[in-house]
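What follows is the residue order along each chain.
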Amino acid sequence: VFQRINLALKWRVPAEQIVSYHVKLNDIALTGLNNKQQDFFWLIIGRLYDQKDRELTLIRKDLRKAAGYRGKDNSKLDKSLYSLVAFMRTTGLFQKVNYESGKLTIKAKRSKVYLFNYSNDYFTHWDYQILRQLSTNTAKTLFRTFTQYSDAGRYQTSFQELRYLLGISP
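Only a predicted model underlies this, so the values are computations on that prediction, with no experimental measurement involved.

**Observations concerning the packing of aromatic side chains**
One pass over the structure, following the stated rule, counts 12 aromatic pairs. Plain terms: the ring middles of Tyr49 and Phe123 are 6.3 Å apart, the flat faces sit at 70 degrees to each other, and that makes the pair edge-to-face. You can see Tyr49 sitting in the loop between α2 (35-48) and β2 (56-59) and its partner Phe123 sitting in strand β5 (residues 123-127), a full 74 residues away along the chain. Ring geometry for Phe146 versus Tyr155: centroids 6.1 Å apart, planes at 65 degrees, classification edge-to-face. One aromatic cluster is present, formed by Tyr21, Phe41, Trp42, Phe87, Trp126 and Phe143 through successive ring pairs.

Here it is in structure tokens:
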């Protein structure tokens, strides 16, 4: 918690705008998610920080506002969130992921709680509003990856690993 407060003060942004998570989450290929679904995914990941093994509940109105979703059609938003939930269930990170009646409930698997808590040297942090402004999935993935390696000053990977990370089929 103190890490996020310090970052919020340093970057002059609200603490809830900072996304913090273990860098292993950057290895998940977000293939199949569109631009807005990625925005929602990382918003949810950011909100899971410091939840430990408690259930997190987010309502459609709050998700819409926080992610800057401009569409007026709730059925379109709901369809997008149902697809996101289906994807999240395949990651193996969550014990519970449900979206019903405009309410999203998430609970991390006990064995994966460390990915969302206990900030240490293996955590990365960034401002959600910057990610939200990026318009392509590739740009979002590169932003997260380069932010992760910014302290190291370089990022080195094989072409094959980069293609996997960006969701580009061989």
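**Focus: the environment of Leu56**
Looking at where Leu56 falls in the secondary structure, it is placed in strand β2. For Leu56, a relative accessible area of 9% corresponds to the buried category. When the C-alpha atoms of Leu56 and Leu165 are compared, they prove to be 28 Å apart, with 109 residues separating the residues in sequence.

**Details of the sheet that holds strand β4 (residues 103-108)**
Read across the open sheet, the 3 strands follow the order β2-β4-β3; overall the sheet is antiparallel. For this open sheet the edge positions go to β2 and β3 (94-100), each flanked by a neighbour on one side alone. Strand-to-strand twist of the sheet, defined as the mean angle between neighbouring strand axes without regard to direction, takes the value 10 degrees. Against the sheet, α2 engages β2, β3 and β4, with an angle of about 135 degrees to β2.

**Some points on empty space enclosed by the protein**
Evaluation of the coordinates by the stated rule reveals 1 cavity of 30 Å³ or more. In this model, the largest cavity occupies a volume close to 30 Å³. What lines the largest cavity is simply Glu16, Gln17, Val19, Leu43, Gly46, Arg47 and Tyr128. If one sorts the elements of the lining of the largest cavity by residue count, α2 sits on top with 3 residues.

**Considering the pattern of salt bridges**
Applying the stated criterion across every chain, the model contains 6 salt bridges. Of the charged contacts in the structure, one is a salt bridge between Lys36 and Asp39, with a shortest N-O distance of 3.3 Å. Of this pair, Lys36 and Asp39 both sit in helix α2, separated by 3 residues, roughly a single helical turn. For Lys36, a relative accessible area of 27% translates into the label partly exposed. The shortest N-O distance in the salt bridge between Lys96 and Glu55 comes to 3.0 Å. Note that Lys96 is positioned in strand β3 and Glu55 in the loop between α2 and β2, a separation of 41 residues in sequence. Its relative accessible area of 39% is what places Glu55 among the partly exposed residues. One network of salt bridges, with partners in common, ties together Lys36, Asp39 and Lys140.

About the thresholds
Residues numbered from 1 in each chain as written. Predicted model: local features only at pLDDT ≥ 70, side-chain atom pairs only at ≥ 80, totals over all residues. Heavy atoms only, no water. Phe/Tyr/Trp six-rings, centres within 6.5 Å; stacked < 30°, edge-to-face > 60°. Helix = DSSP H or I, 4+ residues; strand = E, 2+ residues; numbered from the N terminus. Buried < 20%, exposed > 50% of the residue type's maximum accessible area, 1.4 Å probe, protein only. Pairing = 2+ DSSP bridges. Axes fitted to C-alpha atoms, helices over the stretch in contact; angles between N-to-C directions. Contact = heavy atoms within 4.5 Å. 1 Å grid on protein atoms, 1.4 Å probe; cavity = no way out; pocket = protein on both sides within 12 Å on 5 of 7 lines; lining within 4 Å. Points joined across faces, edges and corners; volume = space filled by probe spheres on them. Salt bridge = Lys/Arg side-chain N within 4 Å of Asp/Glu carboxyl O.

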